[in-house]
Amino acid sequence: MAAPRKIESASKSEPTPLNIARFAPANRKRLSAPGLRTFLAIADLWRLNEEQRRLILGYPSRSTYHNWCRTARQHGQLTLDVDVLTRLSVVLGIHQALGILFKSEAEGLAWLREPHNAHIFAGRPPLDLIANGTLDGQLLVRRFLDAARGGIYMAPNAIDENFAPYSDSEIVFQ
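Here is a short report on the structure shown in this document. Computed from a prediction, not measured in an experiment: that's the story for all the values here.

Thresholds applied
- Residues numbered from 1 in each chain as written.
- Predicted model: local features only at pLDDT ≥ 70, side-chain atom pairs only at ≥ 80, totals over all residues.
- Heavy atoms only, no water.
- Buried < 20%, exposed > 50% of the residue type's maximum accessible area, 1.4 Å probe, protein only.
- Helix = DSSP H or I, 4+ residues; strand = E, 2+ residues; numbered from the N terminus.
- Arc of directions from axis to C-beta.
- Contact = heavy atoms within 4.5 Å.
- Core = buried A, V, L, I, M, F, W, Y, C linked by side-chain atoms within 4.5 Å.
- Salt bridge = Lys/Arg side-chain N within 4 Å of Asp/Glu carboxyl O.

### Focus: helix α5 (residues 105-113)
Okay, so step 1: Listing the buried residues of α5 in full gives Gly108, Leu109, Trp111 and Leu112. Buried residues of α5 fall within an arc of 155 degrees about the axis and therefore sit on the same side.
Okay, so step 2: Buried-residue contacts for α5 involve α1 (25-45), α4 (82-101), α6 (126-130) and α7 (135-149).

### Structural notes on the nonpolar core
The nonpolar side chains of soluble globular proteins are, as a tendency, buried together.
Okay, so step 1: Ranked by internal contacts, the top residues of the largest apolar core, which has 38 residues, are Phe39, Trp46 and Trp111.
Okay, so step 2: Considering each element in turn, this core owes the most residues, 8 residues, to α4.
Okay, so step 3: Apart from the residues lying within four places of it in its own chain, the contact partners of Trp46 are Val91, Ile94, His95, Leu98, Leu109, Leu112, Arg113, Leu127 and Ile130.

### A look at the pattern of salt bridges
Okay, so step 1: The final tally for this structure, using the stated rule, is 7 salt bridges.
Okay, so step 2: Between Arg53 and Asp44 there is a salt bridge, and its shortest N-O distance comes to 2.6 Å.
Okay, so step 3: Classification of Asp44 as partly exposed rests on a relative accessible area of 45%.
Okay, so step 4: Across the salt bridge formed by Arg149 and Asp146, the nearest N and O atoms sit 3.6 Å from each other. In this pair, Arg149 and Asp146 both sit in helix α7, 3 residues apart, roughly one turn of the helix.
Okay, so step 5: In this structure Arg149 comes out as partly exposed when scored by relative accessible area, which is 40%.
Okay, so step 6: Here the salt bridges share partners, and the residues they tie into one network are Arg142, Asp146 and Arg149.

Here it is, written out as C-alpha cells:
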C-alpha cells in the first residue's frame, strides 16, 4: 500500500497566528489613555450622554468611568481590559467610516441619529445599536458601514443615482 500523499494548499504560506503580545498589559497600557481620549472626543461630537457613553464602554460603574476619563484627560496612565479596548476600536472604526461615506460630520451624525430602514436597524437609529450595551450591536453597525464603503447595502448617492451599467460592447481592452 502506497504512503498517503501530502495535500498542499493552494497558497504556500500558512496563516499568521494572532500575536498574543497585543493583549499584554504593557501594550494595553500604551493604548488605553489615548484611545479613551479619542473616544471622548467622538462622544462629544456625537452628543452622547453619560449613560450612552458608559453603555458603549461596557457599562462600567459611574465612579470607574469618571476615574478613567479624569486619568485620560490628564494624560495619566491607565490599563483598560481587552473588551473595553475592542469597544473603543469599534467606535473609532465607525467614526472613520462615517468620515469616508459622508461629505460632512453633520451628515454622518444625522445618519447615526435618524431612523434607518435597513432590516438590521428595524426603523431605529443606528446609534441605538451602538449604545445598546452589547459589543454585537456596535460590530453590526461597524460591519454595515464597512459593507457600505465597499458598495453594498447603501442607497446610491446623487452622483450614482442615474448610473447605467456598462454593456459588453462598451468594455474595451487594449
